[in-house]
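# Structural characterization, general
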Amino acid sequence: MANKILVTGGAGYIGSHTAVNLIENNYEVIIVDNLSNSEEKIIDGIEKITGIRPEFYQFDLCDIKKTNNFFAKHTDIKAIIHFAAYKAVGESVSLPLKYYHNNIASLINILQNMTDFNIPNLVFSSSCTVYGQPEKLPVNENAPIQPANSPYGNTKQISEEMIKDTILSNKNINTIALRYFNPIGAHKSSIIGELPIGVPNNLIPFITQTVAGLRKELSVFGNDYNTPDGSAIRDYIHIEDLAEAHVIAITRLLEQKNKQNFEYFNLGTGQGNSVLDVINTFEKFTGKTVNYKIVPRREGDVEQVWADTSFANKELNWKAKTSLGNSLLSAWNWEKKLRGIH
Ligand code: UD1
């Protein structure tokens, strides 16, 4: 019998790509998502790609009654990958309680049910945001955690702490926290991809929507950073490479190959690219022109961050494979398909 994995936020961007990869690796996937930032057609897409429709439940994991009922009915879940969370940094500054409530309450409900129903394995969606602006680059997992730049970032730090405390009190629970850098791109089939509701916050969907004609122009936030071209630097990792790392983490937990009961890994490419690099590479790989203007820095942005991935490379035997150009091309192919552009 296949191991049953609960993927919370499985209709979301990273969750859906991970669900595909899990199914392709013979895991049974069960998804809980409130569709607050996605649509049910993504579940259809998972089925189209894999030939298997994951069991899907639409409810909010902050709803304690519904969550408890769900776990009481699914006592055969072997592991959870917890993606369900809000992630817009700017919105979290203006609506902090929305972020604290959603991202923390849902995790409390999950950890409580893991304890009550003896579910031993958790993979948690964390973020490079926990490092703030690191003093040393590339940043490795031993870098000090910095005060969060935003309520969103703080929810990720608090979540890691909550998980650690839960594990201290219950040695049966094992967790791997995956600290993502900047996930981009879409599945090679262009059947699933990022589906931001409303105006995108993140760079790549803003670029693809601008080129598709949905937005007038991209605003590049700052060209006065202390970087070679003045724009901010990030580590952009392809979504399928990221999804693969989740399957490896789940397998590591199920096979009890983890060395600590709380492990954490950076997931990035190890390469930093500026916003202007991204625009230039996008133009080169797609043959399209990106309309953009330079505007002042965005509040809360760090200047530069990219990953030292050697720990994940060695311990998980995993490495990001997709180049920036191919990642951007996959994002554009998805946008074209979504908008019916030929
Ligand atoms: C942020 C978080 C990250 C989180 C992610 C989820 C930090 C440091 N990072 O990533 O933890 O997982 O959001 O949404 O808080 N940019 C523009 N114009 C735009 C949009 C973005 O120039 O219209 C620039 C940004 O200033 C930044 C880069 O593009 O330099 C990437 O931005 P974005 O895609 O929003 O991701 P982060 O802010 O790096």
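In case you missed it, the structure is sitting above this.
Described in the following lines is the structure provided in the data block. (Residues numbered from 1 in each chain as written. Predicted model: local features only at pLDDT ≥ 70, side-chain atom pairs only at ≥ 80, totals over all residues. Heavy atoms only, no water.)

## Side note on the pairing of strand β8 (residues 218-221)
Condition: Residue exposure (1.4 Å probe, protein chains only): buried if accessible area is under 20% of the type maximum, exposed if over 50%, otherwise partly exposed. Put simply, DSSP marks the helices as runs of H or I at least four residues long and the strands as runs of E at least two long, and each gets a number from the N terminus on. Note: two strands are recorded as paired if DSSP finds a minimum of 2 bridges between them.
Residues Leu 218 and Val 220 of β8 are buried on one face, while the alternating residues Ser 219 and Phe 221, pointing to the opposite face, are not. Alignment of β8 against strand β13 (residues 292-295), held across four bridges, turns out to be parallel. If you follow Leu 218 over to β13, its bridge partner there is Tyr 292.

## Considering the nonpolar core
Our working definition: To form a nonpolar core, buried Ala, Val, Leu, Ile, Met, Phe, Trp, Tyr and Cys residues must be joined to one another through side-chain atoms within 4.5 Å. Contacts between residues were defined by any pair of non-hydrogen atoms, one from each residue, lying within 4.5 Å.
Membership of the largest hydrophobic core comes to 42 residues, with the highest contact counts inside it found for Ile 5, Leu 22, Ile 31, Leu 178, Ile 250 and Leu 267. Put simply, the parts of the chain that give this core at least two residues each are β1 (4-8), α1 (13-24), β2 (28-32), α2 (41-50), β4 (77-82), β6 (174-180), α8 (239-254) and β11 (262-267). Broken down by element, the residue count for this core peaks at seven residues, all from α8. In contact with Ile 250, other than residues within four places in its own chain, are Ile 5, Leu 22, Tyr 27, Ala 79, Ile 80, Ile 81 and Val 123. Of all hydrophobic cores here, the second largest spans 23 residues; its members include Ile 77, Ile 110, Met 162 and Ala 177.

## Topic: helix α3 (residues 64-73)
Given 3.6 residues per helical turn, the α-helix brings residues three or four places apart onto the same face. Convention followed: Taken from the helix axis, the directions to the C-beta atoms give the arc we talk about. N or O atoms within 3.5 Å of each other form a polar contact, as long as, within protein, one can give a hydrogen and the other can take it, and as long as residues adjacent in sequence are counted only when both atoms are side-chain atoms.
Along α3, the positions that sit buried rather than exposed are Thr 67, Phe 70 and Phe 71. Across the axial projection of α3, the buried residues extend over an arc of 95°, all falling on one side. Every exposed residue of α3 that faces more than 90 degrees away from the buried side is listed here: Lys 65 and Lys 73. Close packing links the buried residues of α3 with β1, β2, β3 (55-57), β4 and α5 (96-116). Two or three places before Lys 65, at the start of α3, stands the capping residue Asp 63, its side-chain oxygen 3.2 Å from that residue's backbone nitrogen.

## A look at the site of the ligand
For clarity, the cut-off: The nearness test applies per residue and asks whether one of its heavy atoms lies within 4 Å of the molecule or strand. In these tables, accessible area is a Shrake-Rupley quantity obtained with a 1.4 Å probe, and a residue counts as shielded only by the protein chains included in the view. Each residue gets one label: Ala, Val, Leu, Ile, Met, Phe, Trp, Tyr, Cys and Pro are nonpolar, Asp, Glu, Lys and Arg are charged, and the others, such as Gly, are polar.
The environment of the ligand is made up of 19 residues, and the closest members are Ser 127, Ser 219, Arg 234, Arg 298 and Asp 301. At 3.1 Å, a backbone N or O of Lys 87 approaches an oxygen atom of the ligand. In this structure, Phe 221 approaches the ligand through a main-chain N or O atom, which is 2.9 Å from an oxygen atom. For the ligand, whose accessible area on its own is 740 Å², the fraction buried by protein is 93%. Per element, the largest residue contribution to the shell around the ligand is four residues, and it comes from β8. Along the lines of polarity and charge, the residues of the shell around the ligand split into nine nonpolar, six polar and four charged.

## Thoughts on the packing of helix α7 (residues 203-211) against helix α9 (residues 275-286)
Selection criterion: Here an angle of 0 to 180 degrees is reported between the N-to-C directions of two axes, which are lines fitted to C-alpha atoms, with helices fitted over the stretch in contact. Angles below 35 degrees are treated as roughly parallel, those above 145 as roughly antiparallel, those between 65 and 115 as roughly perpendicular, and all remaining angles as oblique. What makes a crossing left-handed is the near helix being turned counterclockwise from the far one by less than a right angle; a clockwise turn instead makes it right-handed.
The interhelical angle for the contact between α7 and α9, taken along N-to-C directions, is 40°, at an axis separation of 12 Å. Taken together, the axes of α7 and α9 are oblique relative to one another. Of the two possible hands of crossing, α7 and α9 adopt the one that is right-handed. Contacts between α7 and α9 involve Leu 203, Ile 204, Ile 207, Thr 208 and Val 211 from the first element and Val 275, Val 278, Ile 279 and Phe 282 from the second.

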